[in-house]
Amino acid sequence: MRTVLAALENAEAVPTDPGGSAVATSEHVAGASVGVGAAEAERRTLSQEDERAIVAGEVTDLRDSAASMAAAGQRSRAEELTAMADVVEQVLDDVAANRG
């Protein structure tokens, strides 16, 4: 479940500007910003469709990982991953049914 939440959190992150220069506002730490929240950026808001696509992608990844584990003889881990995929998919379906 943590991987699904992490995928959603990562998708909300704003892209950084790799070519931009860091504003150094601290005399003690190079490149650091001073003050609570000084370096924070507002996160992106995902649409329901975006969220559903991300979660569905995670279900696919879980099922692919389960297949790989089964092929490698790791039956117990494959069953765990399949069970996780089933639970996430059921929640996804329940949410879609309640919105509809």
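Structure: see above.
Let me begin by describing the structure that accompanies this report.

So, how was this worked out
- Residues numbered from 1 in each chain as written.
- Predicted model: local features only at pLDDT ≥ 70, side-chain atom pairs only at ≥ 80, totals over all residues.
- Heavy atoms only, no water.
- Patch = residues over 30% accessible without salt bridge, like charges linked within 9 Å, V, L, I, M, F, W, Y side chains within 5 Å.
- Areas by Shrake-Rupley, 256 points an atom, 1.4 Å probe, with all protein chains shown as cover.
- Salt bridge = Lys/Arg side-chain N within 4 Å of Asp/Glu carboxyl O.
- Buried < 20%, exposed > 50% of the residue type's maximum accessible area, 1.4 Å probe, protein only.
- Helix = DSSP H or I, 4+ residues; strand = E, 2+ residues; numbered from the N terminus.
- Expected span 1.5 Å × (residues − 1).
- Contact = heavy atoms within 4.5 Å.
- Core = buried A, V, L, I, M, F, W, Y, C linked by side-chain atoms within 4.5 Å.

**What about a nonpolar patch on the surface?**
Taken together, the side chains of M1, V87, V91 and V95 present a nonpolar region at the surface, about 310 Å² in accessible area. Classification of M1 by relative accessible area gives partly exposed; the value is 45%.

**A look at helix 2 (residues 48-71)**
If you check helix 2, its first and last C-alpha atoms are 35 Å apart, about what 24 residues at 1.5 Å a residue would give, namely 34 Å. Taken together, the buried positions of helix 2 are occupied by V55, E58, V59, L62 and A66. The inward-facing, buried residues of helix 2 contact helix 1 (2-12) and helix 3 (75-99). Of the residues one or two after helix 2, G73 is the one with positive phi, at around 85°.

**Overview of the nonpolar core**
Formed by V4, L8, A11, L46, V55, V59, L62, A66, L81, A85, V88 and L92, the largest nonpolar core amounts to twelve residues. Once residues within four sequence positions are removed from consideration, L92 is found in contact with R52, V55 and A56.

**Observations concerning the environment of S68**
In this fold, S68 is placed in helix 2. Take S68: its relative accessible area is 47%, and that puts it in the partly exposed class. Note: C-alpha distance between S68 and A78 (ten residues apart in sequence) is 7.8 Å.

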